[in-house]
Structures are given as C-alpha cells and as structure tokens.
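# Tertiary structure, described
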Amino acid sequence: MSVRRLAEDQFQPAAFAFNDENAAWADKTIQKYPAGRQQSAVIPLLMRAQEQDGWVTRAAIEKVANMLDMAYIRVLEVATFYTQFQLGPVGTRAHIQVCGTTPCMLRGSEGLMSVCKSKIHHHPFERNAEGTLSWEEVECLGACVNAPMVMIGKDTYEDLTPERLAEIIDTFDAGNGASVTPGPQIDRHFSSPEGGPTSLTDEEPKKKASAKKVVADAATATVDAAPVPPSEAARAKSTDAETNAALKTPVTAPKAAAKNAKAVEEQPGVAAPVPATAKPSLTDKNRPAGIEKPATPDDLKLISGVGPKIEGTLHELGIFTFAQVAGWKKAEREWVDGYLNFKGRIDRDDWVKQAKALAKGGEAEYIKVFGKKPR
Ligand code: FES
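Being a predicted model, the structure only gives us computed values, none of them experimental.

## Quick look at the overall build of the protein
Of regular secondary structure, the protein possesses 16 helices and 5 strands. The 375 residues of the protein split such that 35% are buried. Long-range pairs, those at least 24 residues apart, make up 62% of the contacts in the protein with a sequence separation of at least 6. Here the protein displays about 22500 Å² of accessible surface, and carbon together with sulfur accounts for 53% of that area.

Below, the structure written as structure tokens:
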C-alpha cells in the first residue's frame with residue numbers, strides 16, 4: 001500500500017462546514033450511538049464530508065474531530081488508513097477506480113488503465129487538464145464475476161472493454177454520467193450467464209428441481225429434529241438410495257420428520273422443539289411478581305442472554321434484581337420466555353443458576369460457579 005498523506009497546502013481550503021442538509025444528517029447520525037460512544041460516527045461523518053466536497057480536506061478532518069470531541073490525530077489516522085477516503089482533490093465529474101486485482105487483471109484491467117492513462121492522466125490521482133476527471137487503481141471491489149470492472153462514485157460498471165470504458169468516461173466528462181446504466185455493460189442480467197440463462201430453461205428440469213427442494217426441506221426438518229449427535233443420522237438419511245426413494249414419494253418425508261421429532265421428545269434430557277405460541281397475557285397468573293424499582297437495581301445484563309433491550313423489558317415487568325430471577329419457578333420461567341419470544345432460551349442459558357450465583361456473591365461467585373466472568 002502506498003503512503004497516504006494529506007494533500008499539499010496549496011490545495012487545502014481554509015475551512016470546512018457541512019451544508020444544512022448534511023449538518024442535520026450528521027447530528028442525527030451522532031445521536032445513534034450510546035452516550036460516550038459518539039466517536040463511532042467518525043467514518044460516516046468523514047464519508048459524508050467527502051461526498052459533499054469530493055475529497056477529505058484537512059479542515060474537514062478538524063471539523064469532524066471537533067464535532068466528536070476527538071484529537072485531530074485520531075481522525076487523521078482514520079482518514080489516512082482507509083483507502084476509500086480521498087486525501088486530495090479528484091475529478092469534479094468522475095473519479096474512476098479501476099480494479100487491478102487478479103480476476104480483473106486476467107480479464108483485461110490493464111487495458112482499462114491504459115484508457116485512463118490516455119484519456120485522463122498518465123499518473124493515478126492526477127486530474128486531467130480541466131480538473132473534471134481522475135483515476136486510480138484499487139483492490140478487489142467485489143464484482144469479480146463480471147470482471148473487469150470500475151467503480152465511479154457508488155456505482156460499478158462491469159464486463160468492460162477498453163472501448164466501452166472510453167465511452168463511459170466521455171459521457172461522464174460531458175456531464176451526462178447519470179445516463180450510463182451501472183452494472184454489466186454486455187448482454188448479461190446481473191451475474192447470470194452472458195446471453196441469458198443456460199440451465200432450468202424448460203419445465204421438466206424445473207419440476208425435478210422442485211421435487212429435490214421438497215426432499216431437501218424434509219431432510220433439513222429431519223436433521224433439525226434429530227437427537228444429539230445429529231451428524232451421523234443426517235448423513236445416514238441423505239444417502240442416494242433414500243434421496244431417490246424420497247423423490248418418488250416426497251409426501252412421506254414430513255411424516256418421517258414428525259416421527260423423528262416424537263422420538264426426540266421421548267429422549268431423556270433432550271429438549272423438544274418449542275412450538276410457536278401467542279405472547280402470554282400480562283394478567284396471566286404465572287407472570288412473575290414485579291417490584292418497585294429499587295434505588296440501585298442489579299445489572300441484569302451480567303446474565304448471559306440479557307442485553308440492554310431485554311433488560312429494559314424486564315424492568316417494564318418489574319424485574320430489577322438477581323434474587324427475583326433466581327426465584328423463578330418453571331411456570332414463571334416459561335411465562336417470561338414466552339413473553340420475550342425466546343423459545344426456551346431462558347432455560348438453555350440457565351438464567352436461574354446465573355442469577356443465583358450473582359445474587360449470592362456477585363462476579364466472584366459467578367466466576368467460582370461458571371469458571372469465567374459474567375457476559
Ligand atoms: S478482482 Fe476485480 S472486482 Fe474482484
């Protein structure tokens with residue numbers, strides 16, 4: 001990777017300010033992060049500054065640092081680390097990023113770069129005489145299946161030839177970039193085969209594919225319901241012979257899955273799948289008793305499986321302490337589990353055992369019982 005430095009002083013504007021629309025967007029974006037974590041907005045804000053001015057100026061870096069209460073050097077580190085940030089002025093109508101990674105290189109990216117050199121400038125990051133165009137070579141942009149390709153702004157232009165890229169560059173330079181349709185530049189739909197589909201083109205294969213899907217779904221259901229260890233059973237059920245038999249009589253597959261599920265229920269110590277149920281009523285007799293919010297509620301997030309959102313819901317139910325959770329009987333656990341739509345997670349994560357340890361001796365007791373720190 002090349003050394004990335006800020007542009008020379010002669011290019012740097014004296015100040016930077018977000019326009020009204022972007023300033024409102026920036027305020028809203030900063031508020032998305034929890035208190036004390038506003039610095040996480042640094043990348044979106046830098047990117048919005050680049051979209052506004054075309055590149056990231058020193059003044060923009062300082063402005064973003066001030067907005068997020070960060071040291072200038074921290075924001076500079078981010079801007080210079082990520083290559084999607086342009087640190088110098090680029091073409092006002094198009095900055096062309098040519099992918100030079102192996103698949104694109106094998107499919108002709110060097111020819112595309114030759115076009116850029118002849119039409120824009122011999123060196124990357126240098127603008128043409130009018131200042132309207134610039135280019136650079138970049139690493140894989142994730143459209144390798146349609147190599148070679150370039151990216152301009154947020155759009156990719158794929159399956160390029162040097163001639164087609166030259167046309168695209170001319171169109172952008174004329175200020176008509178919006179008229180170029182992004183994506184494949186040949187007779188290809190997204191990443192489908194060139195010239196149209198080459199498989200599943202008649203009814204018979206489609207029927208076979210659909211029958212195979214029924215079998216695959218049935219096999220998945222069977223494997224999902226299989227007792228531990230599932231791998232051997234799953235393998236046994238996917239032999240060619242059974243697949244062929246199932247193809248002939250696909251309706252029997254769900255029956256097999258149901259039979260298997262019943263067998264699972266009968267296995268001691270193996271939890272049966274929990275059917276989807278309606279949310280239990282708040283007036284149900286099994287709802288655990290709530291309490292008034294204490295002056296210092298326990299940090300329920302120390303229980304593995306409880307995050308800030310779930311903790312908020314528990315608070316709404318009047319659950320504030322480890323002792324409350326530790327005292328839940330089976331019916332109460334099932335009520336809370338159903339209310340949170342957890343499908344058995346409370347018992348799987350053993351909230352009661354965790355809460356008992358935390359209620360008894362806090363983190364130290366938790367470590368003693370579970371051999372690790374909570375959460
Ligand atoms: S190699 Fe060019 S897009 Fe992936």
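## Details of the packing of aromatic side chains
Per the counting criterion, the structure on display carries 7 aromatic pairs. Plain terms: the ring middles of W335 and Y339 are 5.0 Å apart, the flat faces sit at 10 degrees to each other, and that makes the pair stacked. Here Y339 and W335 lie together in helix 14 (residues 330-339), a separation of 4 residues that amounts to about one turn. When sorted by exposure, W335 lands in the same class as Y339, which is buried. Relative to W351, the ring of F342 lies with its centre 5.8 Å away and its plane at 90 degrees, an arrangement referred to as edge-to-face. Residue F342 is classed as buried on the basis of its relative accessible area of 8%. Through successive ring pairs, a cluster of aromatic residues spans W328, F342 and W351.

## What about the sheet that holds strand 2 (residues 133-138)?
The 5 strands lie next to each other as 2-1-3-4-5, forming an open sheet whose pairing is mixed. At either margin of the open sheet sits one strand with a lone partner, and together these are strand 2 and strand 5 (183-184). The pairing of strand 1 (residues 94-99) with strand 3 (residues 150-152) spans 3 bridges and is classified as antiparallel. Within strand 3, the residue paired with Q97 across the bridge is M151. The strands that helix 6 (residues 109-119) touches are strand 1, strand 2 and strand 3; relative to strand 1, the one it contacts most, it runs at about 155 degrees. Strands strand 1, strand 2, strand 3 and strand 4 (155-158) of the sheet are contacted by helix 7 (residues 162-173), whose axis makes an angle of about 5 degrees with strand 3.

## Focus on unusual backbone geometry
The omega torsion across A147 and P148 is 0 degrees, close enough to zero to call that bond cis. Along the chain, P148 turns up in the loop between strand 2 and strand 3. The backbone of D159 sits at a positive phi, close to 50 degrees, despite the residue not being glycine. Mapped onto the elements of the fold, D159 is located in the loop between strand 4 and helix 7. Taking relative accessible area as the criterion, D159 reaches 5% and is therefore assigned buried. Phi at D350 takes a positive value of approximately 50 degrees, unusual for a residue other than glycine.

## Digging into the pattern of salt bridges
Counted under the stated rule, the structure contains 14 salt bridges. In this structure, E167 and R164 form a salt bridge, with 2.8 Å as the shortest nitrogen-oxygen distance. A residue pair is termed a helical-turn pair when its members lie 3 or 4 positions apart in one helix, as E167 and R164 do in helix 7 at 3 residues. Residue R164 is classed as partly exposed on the basis of its relative accessible area, which comes to 24%. One salt bridge connects E311 with K301, and the closest N-O pair in it is separated by 3.1 Å. Here E311 is found in helix 12 (residues 308-316), whereas its partner K301 is found in the loop between helix 11 (252-266) and helix 12, with 10 residues between them in sequence. Residue classification places K301 among the partly exposed positions, given a relative accessible area of 25%.

## What to know about the confidence of the model for the protein
The predicted model of the protein averages 85 in pLDDT, with 80% of residues at 70 or higher. Low pLDDT, under 50, characterises residues 222-258; the predicted model gives this stretch 26 contacts beyond four residues in sequence or across chains. For the stretch residues 269-274, pLDDT sits under 50, and the model shows 4 contacts to residues farther than four places along the chain or on other chains.

## Some words on the layout of surface pockets
Reported here for the largest pocket is a volume of approximately 1500 Å³. Lining the largest pocket are 44 residues; nearest its centre among them are Q86, V90, H95, F125 and E136. Put simply, the parts of the chain that give the lining of the largest pocket at least two residues each are helix 2 (42-53), strand 1, strand 2 and strand 3. Ranked by residues supplied to the lining of the largest pocket, first place goes to helix 2 with 4 residues. Its residues placed into classes, the lining of the largest pocket shows 20 nonpolar, 12 polar and 12 charged. Mapping the lining of the largest pocket onto the domain boundaries places at least three of its residues in each of domain 1 (9-81) and domain 2 (95-162).

Conventions adopted
- Residues numbered from 1 in each chain as written.
- Predicted model: local features only at pLDDT ≥ 70, side-chain atom pairs only at ≥ 80, totals over all residues.
- Heavy atoms only, no water.
- Helix = DSSP H or I, 4+ residues; strand = E, 2+ residues; numbered from the N terminus.
- Buried < 20%, exposed > 50% of the residue type's maximum accessible area, 1.4 Å probe, protein only.
- Contact = heavy atoms within 4.5 Å.
- Areas by Shrake-Rupley, 256 points an atom, 1.4 Å probe, with all protein chains shown as cover.
- Phe/Tyr/Trp six-rings, centres within 6.5 Å; stacked < 30°, edge-to-face > 60°.
- Pairing = 2+ DSSP bridges.
- Axes fitted to C-alpha atoms, helices over the stretch in contact; angles between N-to-C directions.
- Salt bridge = Lys/Arg side-chain N within 4 Å of Asp/Glu carboxyl O.
- pLDDT = per-residue confidence, 0-100.
- 1 Å grid on protein atoms, 1.4 Å probe; cavity = no way out; pocket = protein on both sides within 12 Å on 5 of 7 lines; lining within 4 Å.
- Points joined across faces, edges and corners; volume = space filled by probe spheres on them.
- Nonpolar A, V, L, I, M, F, W, Y, C, P; charged D, E, K, R; others polar.
- Domains from an automatic or database assignment.

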